[in-house]
Amino acid sequence: MELIELPDLTDEHRAQLEGDEEDPFDGARSNFVFQPKEVRVALQDGDRLVAAAGWLHVEVEVAGTRFPVLGVGGVIVNADHRGRGLARRVVEEVLERADKDGADFALLFCLDDRAGLYRKLGFTEIAAPVTVDQPGGPKRMQLLAMWRALAPEARWPDGPVRLHGKPF
């Protein structure tokens, strides 16, 4: 399998990743509007994409202090290729590339049943409430929010979190 970088997911890419699944991201379990990623990495098996993850730069505010974070999202593995460690591989690649971008933290949102993978990759749950932008105004995030330090000395601050933008 070859690791590639994608500027955007075309309809063909999405079809390869999603296969015949009606709701591969389990979006029906969340009613949030998400923003597109700036960059994506993907694993390609021959001429077909089998896994992908993306990231973008966003700003959060905790206890009155604003700072940049790297938002990780859009993690998907084609159903026929699950259970082979491909999600871990694309997320690790995102984190490796992100480490060079200067943000002290990575942040992601996930369903509870997906948190195990991210814990294994060093992510920690945010216990405080997280508010994100939505078309109708700010809304409390119902998905699990998790952070990971990208700098050795970085420690996530205590307090409610305000994401200045839509989730990713």
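Remember, predicted model here, so these are calculated numbers, not experimental data. Starting afresh in each chain, residues are numbered from 1 along the sequence in its written order. It should be noted that, the model being predicted, local features are given only for residues of pLDDT at least 70 and side-chain atom pairs only at 80 or more, the latter also being counted only at that level, while totals for whole chains, interfaces and linings use all residues. Heavy atoms from the whole structure form the basis of all side-chain values; hydrogens and water molecules are not counted.

A.B. asks: Describe the environment of Gln134, listing the residues and the values that go with them.
C.D. replies: Relative to the elements of secondary structure, Gln134 occurs in the loop between β7 (130-132) and β8 (139-140). Relative accessibility decides the category of a residue: with a 1.4 Å probe and only protein chains considered, values under 20% of the type maximum give buried, values over 50% give exposed, and everything between is partly exposed. Note on Gln134: relative accessible area 11%, which makes it buried. Here the alpha-carbon distance between Gln134 and Gln16, two residues 118 residues apart in the chain, equals 29 Å. Among all residues touching Gln134, those that are not within four sequence positions of it are Asn31, Phe32, Val33, Lys139, Lys166 and Pro167. Numbering of helices and strands runs from the N terminus, with a helix taken as a DSSP run of H or I at least four residues long and a strand as a DSSP run of E at least two residues long. Residue contacts follow a heavy-atom distance rule, with two residues in contact if any of their heavy atoms lie within 4.5 Å.

A.B. asks: Mind laying out the pairing of strand β9 (residues 144-149), listing which residues take part and the relevant values?
C.D. replies: Following DSSP output, two strands are said to pair if at least two bridges run between them. Two strands pair when backbone bridges link them, and strand β5 (residues 105-110) and β9 are joined in this way by six bridges, in the antiparallel orientation. Its bridge partner lying in β9, Cys110 is registered against Leu144. As defined by bridge partners, strand β6 (residues 124-125) adjoins β9 across two bridges and the pair is classed as antiparallel. Paired with Thr124 across the strands is Trp147, a residue of β9.

A.B. asks: Residues and numbers for the pattern of salt bridges, please.
C.D. replies: Salt bridge, as used here: a side-chain nitrogen of Lys or Arg that lies within 4 Å of a carboxyl oxygen of Asp or Glu. In this structure the tally under the stated criterion is nine salt bridges. Among the ionic pairs, Glu5 bridges to Arg97, the shortest N-O distance being 2.3 Å. Here the residue Glu5 occupies a position in strand β1 (residues 2-6), and Arg97 occupies one in helix α2 (residues 86-98), the gap between them amounting to 92 residues. According to the relative accessible area criterion, Arg97 is partly exposed, its value standing at 23%. We note a salt bridge from Asp133 to Arg162, for which the minimum N-O separation is 2.6 Å. Note that Asp133 is positioned in the loop between β7 and β8 and Arg162 in strand β10 (residues 161-164), a separation of 29 residues in sequence. Taking the relative accessible area as the measure of exposure, Asp133 reaches 23% and is therefore partly exposed. Connected through salt bridges with shared partners, the residues Glu5, Glu93 and Arg97 form a single ionic network.

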